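Architecture and fold: a report
Residues per chain are reported as follows:
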Amino acid sequence: MISEKWAVRGLRVFLVVLFGVLLVFQTLSLPGGIAYHTQQNPHDAPLRWPLTAIAVFLVLCVQVVLVATWQLLTLVKKDRIFTTASLKWVDLIVWAIAAAWLVFVGMLLFVGFNADDPGMPMVLFLVTVGITVLGLLMVVMRALLRQATTLRSDMEAVI
C-alpha cells in the first residue's frame, strides 16, 4: 500500500504538471483554437470573444481548485487538516465548482434553445450533471470535514 507521504508528494507533482498544462491551454491553445475556428467559420465570428472568455474562466475555476487542493495537502502534511483552516479551502473549491456550474447551465440553456440537433445540448447536459455531482460531493465532504474537526477539537479538550 502506498504511504500517505508518497501519495501527497505524487499528487503535488501532478498538481504542478496539471496547473502548467492548464496555463498553456488558458493562454495559448484555447484562445488560438477559438480564433482559428471563427476564422474558418465566419458565422461563428460573433461568438469568438464570449467563447474565449468562458473557456478562460472555466480553466481558472479548475486552477482555483488545484491551488486549494495544494493548500489542503499542506495542511495534511502539517497534521492540521482537521482544523477550521481547512474549511476555507474546501469552501473555495465549492465556490469554484459552483461558478463553473453556473456557466455550464447558462451554456446549456443558450445552446439548448438554439441547437438544431441534440448532440451538443446532450454533451453540455452530461457535463453539467457531472459538475453537479462533484459540487454536491464536495458539500458532503465539507460537512464530514466539519464534523471531524469538531470531534478532534472535543477530543483535544478532553485530553
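Here's the deal with the overall build of the protein chain
Looking only at helices and strands, the protein chain has four helices and zero strands in total. Scaling as 2.2 N^0.38, a compact globule of 159 residues should have a C-alpha radius of gyration of about 15 Å, whereas the protein chain reaches 20 Å, well beyond that. Across its three principal directions, the C-alpha atoms of the protein chain cover 70 × 30 × 30 Å. A burial count over the protein chain gives 27% of its 159 residues as buried. Within the protein chain, counting contacts between residues at least 6 apart in sequence, those at least 24 apart form 68% of the total. When the accessible area of the protein chain is evaluated, it comes to approximately 10600 Å², of which 75% is carbon and sulfur surface. A gap of 14 Å separates the mean positions of the 11 positive and 8 negative side-chain charges of the protein chain.

Some details on helix α4 (residues 119-158)
For α4, with 40 residues, the first-to-last C-alpha span of 59 Å sits near the 58 Å given by 1.5 Å per residue. Buried-residue contacts for α4 involve α3 (84-114).

Notes on the pattern of salt bridges
Overall, the coordinates contain three salt bridges when judged by the stated rule. Where R142 meets D91, a salt bridge forms, and the shortest distance between an N and an O atom there is 2.3 Å. Of this pair, R142 sits in helix α4 while D91 sits in helix α3, and the two are 51 residues apart along the sequence. Note that R152 is salt-bridged to E156, the shortest N-O span being 3.3 Å. With R152 and E156 both in helix α4 and four residues apart, this pair spans about one turn of that helix. A residue is classified by how much of its surface remains accessible, and E156, at 52% relative accessible area, is exposed.

Side note on a positive patch on the surface
The grouping of K5, R9, K77, K78 and R80 at the surface amounts to a positive patch. Along the chain, K5 turns up in helix α1 (residues 4-40).

Considering the nonpolar core
With 21 residues, the main nonpolar core has L72, V90, I93, F104 and M138 as its most contacted residues. Secondary structure elements with two or more residues in this core: α2 (48-77), α3 and α4. For this core, the element with the most residues is α3, which contributes 11 residues. Apart from residues no more than four positions distant in its own chain, V90 is found in contact with L72, M138, R142 and L145.

Remarks on the side chain of T149
Of note, T149 is situated in helix α4. Setting aside anything within four residues of it in sequence, one finds T149 in contact with I81, F82, T83 and T84.

Regarding the packing of aromatic side chains
Enumeration according to the criterion identifies zero aromatic pairs in this entry. The ring of W6 has R9 sitting right over it, with the charged end atom 5.0 Å from the ring centre. Lying over the aromatic face of W70, R12 brings its terminal NZ or CZ to 4.4 Å of the ring centre.

Procedures and definitions
- Residues numbered from 1 in each chain as written.
- Predicted model: local features only at pLDDT ≥ 70, side-chain atom pairs only at ≥ 80, totals over all residues.
- Heavy atoms only, no water.
- Helix = DSSP H or I, 4+ residues; strand = E, 2+ residues; numbered from the N terminus.
- Rg over C-alpha atoms; globule rule 2.2 N^0.38 Å.
- Buried < 20%, exposed > 50% of the residue type's maximum accessible area, 1.4 Å probe, protein only.
- Contact = heavy atoms within 4.5 Å.
- Areas by Shrake-Rupley, 256 points an atom, 1.4 Å probe, with all protein chains shown as cover.
- Lys, Arg positive; Asp, Glu negative; His and termini not counted.
- Charge placed at Lys NZ, Arg CZ, Asp CG, Glu CD.
- Expected span 1.5 Å × (residues − 1).
- Salt bridge = Lys/Arg side-chain N within 4 Å of Asp/Glu carboxyl O.
- Patch = residues over 30% accessible without salt bridge, like charges linked within 9 Å, V, L, I, M, F, W, Y side chains within 5 Å.
- Core = buried A, V, L, I, M, F, W, Y, C linked by side-chain atoms within 4.5 Å.
- Phe/Tyr/Trp six-rings, centres within 6.5 Å; stacked < 30°, edge-to-face > 60°.
- Lys NZ or Arg CZ within 6 Å of the ring centre and 35° of its normal.

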